[in-house]
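A look at the structure
Okay, here's what each chain looks like letter by letter:
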Amino acid sequence: MVAVNPVNYGRPYKLCCAEAIAATLFLSGYKDEGIYLMSNFKWGVNFYNVNKEVFEIYDKATSANQITEFQNQYLAEETRKIDEKKANNYNGLEEMDKEYEEKEDDEPE
């Protein structure tokens, strides 16, 4: 699952305690209790929505192997998205550095 807490938003594996407990409640059939728990946090209402696909897949799974297979695929995709985002941000910073250096070269000394 992916965290929605402000410290680790969007990161797989980085659930806070409340998110982990809510996930356990959701998966154990206590969805209302999980929603109630998360309603105590401003950001908590998004936990179910962000992880909706995960919860739906878990509900449909008929074996532990299916859950493990889905989990591995899902987390690999989420990790790929994070890595891609980091690479894009890094490339953007490189471009900014080049533009800054070009402006410095254009200025008279």
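Everything discussed here concerns the structure shown above.
Heads up: these notes are all about the structure in this document. (Residues numbered from 1 in each chain as written. Predicted model: local features only at pLDDT ≥ 70, side-chain atom pairs only at ≥ 80, totals over all residues. Heavy atoms only, no water.)

Our next topic: the overall build of the protein chain. A tally of regular secondary structure across the protein chain gives five helices and zero strands. Ordering the α and β elements of the protein chain from the N terminus gives α-α-α-α-α. Within the span of the protein chain, comprising 109 residues, buried residues form 24% of the whole. When contacts within the protein chain are restricted to residue pairs at least 6 apart in sequence, long-range pairs at least 24 apart make up 41% of them. Accessible surface computed for the protein chain: about 8,200 Å², of which carbon and sulfur atoms make up 51%. (Helix = DSSP H or I, 4+ residues; strand = E, 2+ residues; numbered from the N terminus. Buried < 20%, exposed > 50% of the residue type's maximum accessible area, 1.4 Å probe, protein only. Contact = heavy atoms within 4.5 Å. Areas by Shrake-Rupley, 256 points an atom, 1.4 Å probe, with all protein chains shown as cover.)

Moving on, we get to the nonpolar core. In terms of nonpolar packing, the biggest core is built from 17 residues, with Met 1, Phe 26, Met 38, Phe 47, Val 54, Phe 55 and Tyr 74 touching the most fellow members. If one sorts the elements of this core by residue count, helix H1 (residues 17-27) sits on top with four residues. The residues touching Met 38, leaving out its near neighbours within four places in the chain, are Ala 18, Glu 19, Ala 22, Trp 43, Gly 44, Val 45 and Phe 47. (Core = buried A, V, L, I, M, F, W, Y, C linked by side-chain atoms within 4.5 Å.)

This part covers the packing of aromatic side chains. Here the structure, examined in full by the defined rule, presents eight aromatic pairs. Grouping aromatic residues by their ring pairs yields a cluster made of Phe 26, Phe 47, Tyr 48 and Phe 55. (Phe/Tyr/Trp six-rings, centres within 6.5 Å; stacked < 30°, edge-to-face > 60°.)

On to the pattern of salt bridges, then. For the coordinates displayed, the defined rule picks out two salt bridges. With a shortest N-O distance of 2.6 Å, Arg 80 and Glu 77 are connected by a salt bridge. On the criterion of helical spacing, the pair formed by Arg 80 and Glu 77 is a turn pair, its members being three residues apart in helix H5 (residues 64-106). In this structure Arg 80 comes out as partly exposed when scored by relative accessible area, which is 40%. Residues Arg 80 and Glu 84 are paired through a salt bridge, measuring 2.8 Å at the closest nitrogen-oxygen approach. In this pair, Arg 80 and Glu 84 both sit in helix H5, four residues apart, roughly one turn of the helix. In this structure Glu 84 comes out as partly exposed when scored by relative accessible area, which is 43%. (Salt bridge = Lys/Arg side-chain N within 4 Å of Asp/Glu carboxyl O.)

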